[in-house]
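# Understanding the architecture of this molecule
What follows is each chain in one-letter form.
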Amino acid sequence: MRIVSVIALGLGVIFTSMTSAQERLDADIQSAQAESFKFFDVDADGKVNAKEVLAGAKTIFTALDADENGGASVEEFVVFSMGFEALAETNTQKAAYHAARLVIFTRWDMNGDLQLVESEIAAALLGELFVGVNTTEATYGNTASVAELQAALKVQ
């Protein structure tokens, strides 16, 4: 009976540790998402409007196009941090995170030329991350790209 109690206690400690680790990861993901949202919410009113999205798209494109050739390649896209990179490294989910990024790149590359231009980024942001005008942080977190990145960070 004592051995069963010790095993149960040990499993309880392991489960609590895993739960705490998952809770910390969830909190870190929420924090990264909030920072990502703040990037776009320039006037800090808790909403992102179309003008803020277009300004953000321009900033993102400029950062993505490292070689300044007028387009962001897959290679440029996957090395660009979308706010969750450090979490992927910390949680040894880098491969899953980069796979999710490739899916996003493919979806955003609307003409299939393996180059993102500013207008494709703006269209993707307006059509996917910021559906409609005055997107809030809560609705921003319910979008396909953010959900894919978050899922890739979680240990399966």
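Residues numbered from 1 in each chain as written. Predicted model: local features only at pLDDT ≥ 70, side-chain atom pairs only at ≥ 80, totals over all residues. Heavy atoms only, no water.

This brings us to the packing of aromatic side chains. Enumeration according to the criterion identifies three aromatic pairs in this entry. Ring centres of Phe 39 and Phe 40 lie 4.8 Å apart, and the angle between their planes is 85 degrees; this geometry places the pair in the edge-to-face category. Residue classification places Phe 39 among the partly exposed positions, given a relative accessible area of 39%. What makes Phe 40 buried here is its relative accessible area of 3%. Taken together, the ring pairs connect Phe 77, Phe 105 and Trp 108 into an aromatic cluster. Positioned above the aromatic ring of Phe 77, the side-chain terminus of Arg 101 is 5.1 Å from the ring centre. (Phe/Tyr/Trp six-rings, centres within 6.5 Å; stacked < 30°, edge-to-face > 60°. Buried < 20%, exposed > 50% of the residue type's maximum accessible area, 1.4 Å probe, protein only. Lys NZ or Arg CZ within 6 Å of the ring centre and 35° of its normal.)

Attention now moves to helix 5 (residues 94-108). Taking 1.5 Å of rise per residue, the 15 residues of helix 5 would be expected to cover 21 Å, and the 21 Å separating its terminal C-alpha atoms lies within 8% of that figure. Restricting attention to buried positions, one finds in helix 5 the residues Tyr 97, His 98, Ala 100, Arg 101, Ile 104, Phe 105 and Trp 108. Viewed along the axis of helix 5, the buried residues span an arc of 155 degrees, placing them on a single side of the element. Opposite its buried face, helix 5 presents the exposed residues Ala 95 and Thr 106, each directed more than 90 degrees away. (Helix = DSSP H or I, 4+ residues; strand = E, 2+ residues; numbered from the N terminus. Expected span 1.5 Å × (residues − 1). Arc of directions from axis to C-beta.)

All quantities given are derived from atomic positions and should not be read as evidence of function.
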